[in-house]
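A closer look at the structure
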Amino acid sequence: MKMKKAAALLLSLALSASVFAACDKEKAKETENSETTGTTEEETTAGETTTSETTEPSETTDVFIANLSSYDDLTPDEVYEKYRAFATELEQKNNEAGFYYGFYDHFQDGKRIWILAVSNGATDFGYYTSINGEMIDVTEELGWEMPEKGIFSFNLFMRFPCILELRTTEINEFAESLGDGVYYGNILAASENVDKMIVEVWKPVQFNPEEYSALKVGDHHMLALVSVDPNCKIEDHYGWVYTEIEGYEDYLNDNPDLTAVEKTLFWYGASQYDSFFLPLGNGWEEISAFLNPVIIENDTIVEVCFG
């Protein structure tokens, strides 16, 4: 497998930017006392008259914008299958070397282009996307640094039921089930018919000082796939968010078979915006809401407060 070290590239870009900025500052110092925009200026020194002409100060832009020169416009379903197949191929070719994988998104031309991050967890890494039907290394073109979060072992990565971008969370396992109880957390994704959700939750607990000191970052966290009772009891706090949305009553009247979640103002309000319900492939959509709290019984949400 070919993986690049992009840190050197980023460093060289940063150095170039600082050099250009320094040059601009020096030029500004040289001209600030004698520069008059769009005019000529006469100076008299020891009886000698000289004429100097000034010009408009130059503008420079020291911003590096990463854009891919080429990419395939894939559906989320195609991304999910193709990127998982590529990860499987890398594992087989490298004798299960223990690489880490993660989905990252890149917005360009008004489109969400999915990138696959691959890392050995130490120094080497690469970013790949589909170009002309092939998974191509675009590490240098993107100029991104080594991923520190959002990458997972092959076995965990392959258990994700859809495209999941988790840059800000450390997850060590995808829980097969959750014990009955009251949890707090948030929704990461929902199935298209809202009968299942992917949730990140934790349980409120109390510790004595010794137990608290022994805690490590990431303890008591999980990510899990749970079912949703179609008649679950819901407390919906999204009324103050969607105060100007119209048509809610008509929506309820025209759709008598809605599930409990689909009847909420949270769900209706989100459906009115293109930025919600982004497809994640394999029958899943991206959606988010705080669960404050959620009650789970037999791996099924039976009561929830959308906060």
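Residues numbered from 1 in each chain as written. Predicted model: local features only at pLDDT ≥ 70, side-chain atom pairs only at ≥ 80, totals over all residues. Heavy atoms only, no water.

1. Let's talk about the environment of Ala97
Our working definition: Secondary structure elements are taken from DSSP: a helix is a run of H or I of four residues or more, a strand is a run of E of two residues or more, and numbering for both begins at the N terminus. Working definition: with a 1.4 Å probe on protein chains only, accessible area under 20% of the residue-type maximum means buried, over 50% means exposed, and in between means partly exposed.
For Ala97, the location among the structural elements is in the loop between helix H2 (76-93) and strand S3 (100-108). Classification of Ala97 as partly exposed rests on a relative accessible area of 48%. Taking the C-alpha atoms as reference points, Ala97 and Phe154, 57 residues apart in sequence, are found 9.9 Å from one another.

2. Points about the nonpolar core
Formally: We call a set of buried Ala, Val, Leu, Ile, Met, Phe, Trp, Tyr and Cys residues a nonpolar core when their side-chain atoms join them within 4.5 Å. Throughout, a contact is declared for two residues whenever any of their heavy atoms are within 4.5 Å.
Met197, Trp267 and Phe306 are the most contacted members of the largest nonpolar core, which has 33 residues in total. Contributing elements (two or more residues each) for this core: strand S9 (181-191), strand S10 (196-202), strand S11 (222-236), helix H7 (265-271), strand S14 (290-297) and strand S15 (300-306). Ranked by residue count, the leading element in this core is H7, at five residues. Beyond its immediate chain neighbours, meaning those up to four positions away, Met197 contacts Ile187, Ala189, Ala190, Ala224, Leu225, Val226, Val228, Val261, Trp284, Ile301 and Phe306. Among the nonpolar cores identified, the runner-up in size contains 31 residues, and Tyr83, Ala87, Met135 and Ile198 belong to it.

3. Brief notes about the confidence of the model for the protein
Caution applies to low-pLDDT parts of the model: their predicted coordinates are not meant to be read in detail. For the record, the criterion: The predictor attaches a confidence to each residue, and that confidence, scored 0 to 100, is pLDDT.
On average, residues of the protein score 75 in pLDDT, and 71% of them are at 70 or above. Note on residues 4-64: pLDDT is under 50 here. Beyond four places in sequence and across chains, it has 45 contacts.

4. Topic: the pattern of salt bridges
Here is the rule we go by: Counted as salt bridges are all cases of a side-chain nitrogen of Lys or Arg within 4 Å of a carboxyl oxygen of Asp or Glu.
Throughout the structure, instances matching the rule amount to four salt bridges. Residue Glu89 is joined to Lys93 by a salt bridge in which the shortest nitrogen-to-oxygen separation is 2.8 Å. Pair noted here: Glu89 and Lys93 are both in helix H2, with a separation of four residues, about one helical turn. A residue is classified by how much of its surface remains accessible, and Glu89, at 34% relative accessible area, is partly exposed. Judged by relative accessible area, which is 60%, Lys93 ranks as exposed. One salt bridge connects Arg112 with Glu286, and the closest N-O pair in it is separated by 3.3 Å. Of this pair, Arg112 sits in strand S4 (residues 111-119) while Glu286 sits in strand S13 (residues 284-286), placing them 174 residues apart in sequence. Accessibility expressed as a relative area gives 22% for Arg112, which makes it partly exposed. Here the salt bridges do not stand alone but share partners, grouping Asp105, Arg112 and Glu286 into one network.

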